[in-house]
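# Coordinates in review
Read off the chains here:
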Amino acid sequence: MPWPLYLALKQLFPTGRRFPFFTFISVTGVALGVALLIVVMSVMGGFGYEIHRMITDTQGEVQVKVSDGGVVENPADLIPVIAAVPGVVGVTPYAVGLSGLMYGEKASFPQILGIDLKRVESVVQLNRFIRPGSLDDLDDDTVILSVQLASSLGARLGDKVVLYSPLFFKDAMKKNDEVMLPRELRVVGVFEVGHQQLDSNTAIVTLRRMQDLYGLGHAVHGFNVRLAPGADVDAAVARFNAALPLGTGLKAYSWMDSFNDFLWVLQMEKNMFFFLLLFIVIVAAFSVTSSLLISVVRKTREIGLLGALGGRPRDVAICFCAQGLFIGTVGTVLGLALGLGVLAVRNDLIHTLTHLTQREDVFQKFYQLSQLPAHTAGADVAKIVVFTIVISTLAGVIPAWRASKLKPVEALRSE
Amino acid sequence: MSENLSSSPAAATNVQPSKLKAEYCVTPGASAGLEVVLSATALRKNYLSGSQRLEVLRGVDLAVAAGESVSIRGESGSGKSTLLNLLSGLDTPDAGSLLWSGRSPHPKDRARFLGMVFQSFYLIPEIDALANVLMAARILGVLGAAQRARAKELLALTGLVGRAAHLPAQLSGGERQRVAVARALMNSPRLILADEPTGNLDEHTGDSVVELLLSLCRETQTALVLVTHNAAHAQKTSRQLFLHDGKLSYG
Ligand SMILES: Nc1ncnc2c1ncn2[C@@H]1O[C@H](COP(=O)(O)OP(=O)(O)OP(=O)(O)O)[C@@H](O)[C@H]1O
Ligand SMILES: [Mg+2]
């Protein structure tokens, strides 16, 4: 080992002596910063990951639809084409639109989703989200409501709700004699997927009911597609676009395309947090700098001696930079261990905290999650490690420069 | 590393002792026929403090041959430490020339050519006695089994058997200075510069440290320049010089 590294190690971790206080404090500062970074990045990543999971759980990885919002007239012809694309494990058509829904005196305008009962389970495990009730009970005369819609209407299983077609309003305006009568549907299920957008105001009916309601005939609005696990979504999207017939306006969209703005905001927030929390590491690095500066002053005579023994100023500088590097490295390792440890027990921690403050219900309402999600991405860890070690090493630069400027003659003379 | 800085006596053939010896030796006879390890000519050093100019060294001539021991005495403030700093190449003279084994000094050569002992011991507090001795070898860039063996042997020679694993804080002043002596000898230098090595030690301990320095230098044919206030110590060297009025003289 080159002597500057050897001496740097020995100054931080002296032979046969207990851990010096300076090393302890410096390492702790860096470790706390790293731990906080890893916890926050993982929780943010967890939210992103949960959202990804919710989106793909409820609509598959890819949607094929007409780009200008039009309808697909011949879904039966297209399903085999889509299903034939490599990597596809399921495809289901859907129709979607707003409509009026009444229960007694209460009215709402939910998004109505028409699903193909024969195919939907190949893409979305819808039954998993339905409680109480069951997807098996859904037919052309029944409806499944989202949890918040059901509670705002006050509708329960077995209650009858009235669904108005948009055509009803059109016909009524034209004062047609033959108006499209509203349909009475029985509630056979309530679903909750954990995704605010879907849970707040959605009703699920059969595709046929939806086509009838919107006067679509056999047309649909698009297809949800499930890919094999681990498939490259972007590559699949490209394959779809190559396979889809031209001139129909049909295009494939990945789940990321559909939620682009949302994901972008999430990424921005994550970057912002990273940037802000990095300042904790930077502040920790400042304390490393000041400790090392004190060390340079305290060790002036020994630095002079190193010169007298033939050590070059450059090597003296390396010795102090290396101390920053070692503090950063040890701090990073401890910080990662601490952060990952906290993440491992996060739900117990939150449970204890919310229990102590008696705010358990608030937490669940606010985040709509009973558990705090966490997903530690390798790229985040790498970023944290690299930044921390670079910053800590830079923390040694000023002390190193000071030390290398000391003239051995004057350093040895100093009292 | 050049050959003429190595410790092997055979390598001394590279220098021309006849030429160097005649011109610069304060006592020419003392170094006859031997390699001139150190040769300083007309060294001058001034300090400027404010507007005042302090002429500390006004032309010092000194030549030291291999195996020779030279003592330098002088009043406090006469410039002994200043002179040693110039000889060690740590400081630069305002005028004059300096040669290490016939070559102009280069910082790169210091670790192999020169060992230094000071009034303060300057041991590195975080590492044990053995590691302090080995520090000289680390800085030279050669550290292997041979160096470890040599460091242990030096600690044994300096009477520190069993203290190798002690930290400087666990050693007495005399023991620390012995470690410093061992460190100075670690790389088998051609020259040892000792600046009041007994200044911080009691009389008895001081005697034994000087005795040690002299005997080790004699055995290894290492030149020694010893700055001391102690007349008895000075008497034991092969040449006794005085620094007075910025110049070296005998008696
Ligand atoms: N860096 C400096 N700047 C100004 N004056 C200096 C400096 N270093 C030494 N001097 C002066 O030079 C003179 C010689 O100093 P030096 O340390 O060489 O004396 P010395 O002979 O070693 O004394 P002592 O026996 O007390 O150690 C002193 O008067 C001192 O004040
Ligand atoms: Mg002095």
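Residues numbered from 1 in each chain as written. Chains lettered and ligands numbered in written order. Predicted model: local features only at pLDDT ≥ 70, side-chain atom pairs only at ≥ 80, totals over all residues. Heavy atoms only, no water.

Looking now at the overall build of chain A. For chain A, the count of helices and strands is 17 helices and twelve strands. Taken over C-alpha atoms, the radius of gyration comes to 32 Å for chain A, far larger than the 22 Å a tight globule of 415 residues would show. Each principal axis of the C-alpha atoms in chain A carries an extent, and together these give about 110 × 55 × 35 Å. Within chain A, the proportion of its 415 residues that are buried is 47%. Taking as baseline every contact in chain A between residues at least 6 positions apart, the subset at least 24 positions apart corresponds to 81%. (Helix = DSSP H or I, 4+ residues; strand = E, 2+ residues; numbered from the N terminus. Rg over C-alpha atoms; globule rule 2.2 N^0.38 Å. Buried < 20%, exposed > 50% of the residue type's maximum accessible area, 1.4 Å probe, protein only. Contact = heavy atoms within 4.5 Å.)

What follows deals with the sheet that holds strand β6 (residues 191–195) of chain B. Residue and element names in this part refer to chain B. Read across the open sheet, the six strands follow the order β5-β6-β7-β3-β8-β9; overall the sheet is mixed. The sheet is open, and its two borders are formed by β5 (114–117) and β9 (247–249), each paired with just one other strand. Recorded for the sheet is a direction-independent mean angle of 20° between the axes of neighbouring strands. (Pairing = 2+ DSSP bridges. Axes fitted to C-alpha atoms, helices over the stretch in contact; angles between N-to-C directions.)

A few words now on the packing of aromatic side chains. Two aromatic rings, taken as a pair, are described by how far apart their centres are and by the angle between their planes. For the coordinates displayed, the defined rule picks out five aromatic pairs over all chains. Ring centres 5.5 Å apart and planes at 85° place the aromatic pair F275 of chain A and F279 of chain A in the edge-to-face group. A residue pair is termed a helical-turn pair when its members lie 3 or 4 positions apart in one helix, as F275 of chain A and F279 of chain A do in helix α10 (residues 260–298) at four residues. According to the relative accessible area criterion, F275 of chain A is partly exposed, its value standing at 48%. Between W100 of chain B and F113 of chain B, the aromatic rings sit 4.8 Å apart at their centres with planes inclined by 15°, giving stacked as the arrangement. (Phe/Tyr/Trp six-rings, centres within 6.5 Å; stacked < 30°, edge-to-face > 60°.)

Residue and element names in this part refer to chain A. Here the structure, examined in full by the defined rule, presents 21 salt bridges over all chains. Its salt-bridge partner being D57, residue R53 comes within 3.3 Å of it at the nearest N-O pair. In this pair, R53 and D57 are both assigned in helix α2 (residues 21–59), four residues apart and thus about one turn of the helix distant. The class of D57 is buried, set by a relative accessible area of 16%. R208 is the salt-bridge partner of D140, the closest N and O atoms lying 2.7 Å from each other. Of this pair, D140 sits in the loop between β6 (130–133) and β7 (142–146) while R208 sits in helix α7 (residues 207–214), and the two are 68 residues apart along the sequence. Overall, R208 belongs to the exposed group, its relative accessible area being 58%. Connected through salt bridges with shared partners, the residues E50, R53, D57 and R128 form a single ionic network. (Salt bridge = Lys/Arg side-chain N within 4 Å of Asp/Glu carboxyl O.)

The local shell around ligand 1 holds 14 residues, among which S76, G77, K80, S81 and T82 of chain B are the closest. In this structure, ligand 1 is bordered by residues of chains A and B. Within the contact set of ligand 1, an oxygen atom lies 2.6 Å away from a side-chain nitrogen or oxygen of T82 of chain B. Protein burial of ligand 1: of its 630 Å² of free accessible surface, 68% is covered by the chains. At the level of elements, β2 (52–65) and α2 (80–87) of chain B are the ones that each hand at least two residues to the shell around ligand 1. With three residues, the top contributor of residues to the shell around ligand 1 is α2 of chain B. Split by residue class, the shell around ligand 1 holds three nonpolar, seven polar and four charged. (Near = heavy atom within 4 Å. Polar contact = N/O pair within 3.5 Å; in protein donor to acceptor, adjacent residues only side chain to side chain. Areas by Shrake-Rupley, 256 points an atom, 1.4 Å probe, with all protein chains shown as cover. Nonpolar A, V, L, I, M, F, W, Y, C, P; charged D, E, K, R; others polar.)

Looking now at the environment of V43 of chain A. Residue and element names in this part refer to chain A. Relative to the elements of secondary structure, V43 occurs in helix α2. Between the C-alpha atoms of V43 and R346, which are 303 residues apart in sequence, the distance is 9.8 Å. Setting aside its immediate chain neighbours within four residues, V43 contacts L343, L372, P373 and A374.

Our next topic: the side chain of T56 of chain A. Residues and elements named next belong to chain A. Following the sequence through the fold, T56 ends up in helix α2. Look at T56 and you get buried, because its relative accessible area is 6%. At 2.8 Å, the side chain of T56 forms a polar contact with the backbone oxygen of H52. Other than its neighbours up to four places away in sequence, T56 contacts E61, R226 and W255.

Size of an interface, as often reported, equals the accessible area lost when the parts are brought together. By the assigned domains, chain A splits into domain 1 (3–52 + 262–413) and domain 2 (69–248). Each of domain 1 of chain A and domain 2 of chain A has a C-alpha centre, and the two are 51 Å apart. (Domains from an automatic or database assignment.)

This part is about the packing of helix α4 (residues 129–140) of chain B against helix α6 (residues 173–185) of chain B. All names here are of chain B. In the contact formed by α4 and α6, the axes pass within 7 Å of each other and the chain directions differ by 30°. With respect to α6, the axis of α4 lies roughly parallel. Handedness of the crossing formed by α4 with α6: right-handed. Contacts between α4 and α6 pair A129, N132, V133 and A136 from the former with V179, A182 and R183 from the latter. (Parallel < 35°, antiparallel > 145°, perpendicular 65-115°, else oblique. Left-handed = near helix turned anticlockwise from the far one by under 90°.)

Our focus in this paragraph is the interface of chain A and chain B. In this complex, chain A contributes 23 residues to the contact, which on the side of chain B involves 23 residues. When chain A packs against chain B, close to 2,200 Å² is buried across both sides, 65% of that on carbon and sulfur atoms. Among the residues chain A hides against chain B, the three largest losses belong to Y6, L309 and V409 of chain A. Together they make up 26% of the total. In this structure, K299 of chain A and E126 of chain B form a salt bridge, with 2.4 Å as the shortest nitrogen-oxygen distance. Here chain A and chain B share five residue pairs in polar contact (both at pLDDT 80 or more) between them. Elements represented by at least two residues in the side of chain A that touches chain B include exactly α1 (3–12), α11 (300–308) and α17 (408–413) of chain A. Looking at the side of chain A that touches chain B element by element, the count peaks at six residues for α11 of chain A. Taken together, the residues of the side of chain A that touches chain B sort by class into twelve nonpolar, five polar and six charged. (Buried area = accessible area lost by both parts, 1.4 Å probe.)

For the peptide bond that leads from R131 of chain A to P132 of chain A, omega is 5°, which places it in the cis range. Along the chain, the position of P132 of chain A falls in strand β6. Phi at S188 of chain B takes a positive value of approximately 50°, unusual for a residue other than glycine. Inspection of the secondary structure puts S188 of chain B in the loop between α6 and β6. The phi dihedral of Q221 of chain B falls on the positive side, at around 55°, and the residue is not glycine. Along the chain, Q221 of chain B turns up in the loop between α7 (203–219) and β7 (223–227). In this structure Q221 of chain B comes out as partly exposed when scored by relative accessible area, which is 40%.

The next point concerns the nonpolar core. The nonpolar side chains of a soluble globular protein tend to be buried with one another. If you look at the biggest cluster of nonpolar residues, it comprises 117 residues, and the most contacted ones within it are F320 of chain A together with L38, L62, I72, L87, M135 and L191 of chain B. Of all the elements, α2 of chain A adds the most residues to this core, at ten residues. (Core = buried A, V, L, I, M, F, W, Y, C linked by side-chain atoms within 4.5 Å.)

Quick look at the sheet that holds strand β4 (residues 95–100) of chain B now. All names here are of chain B. Taken together, the three strands give an open sheet; going across it, the order is β2-β1-β4, and neighbouring strands pair in antiparallel fashion. Looking at the sheet topology across the chains shown, the edges are occupied by β2 and β4. Neighbouring strand axes in the sheet, compared pairwise and without regard to direction, differ in orientation by 20° on average. Packed on one face of the sheet, α2 meets β1 (36–49), β2 and β4 and runs near 125° to β1.

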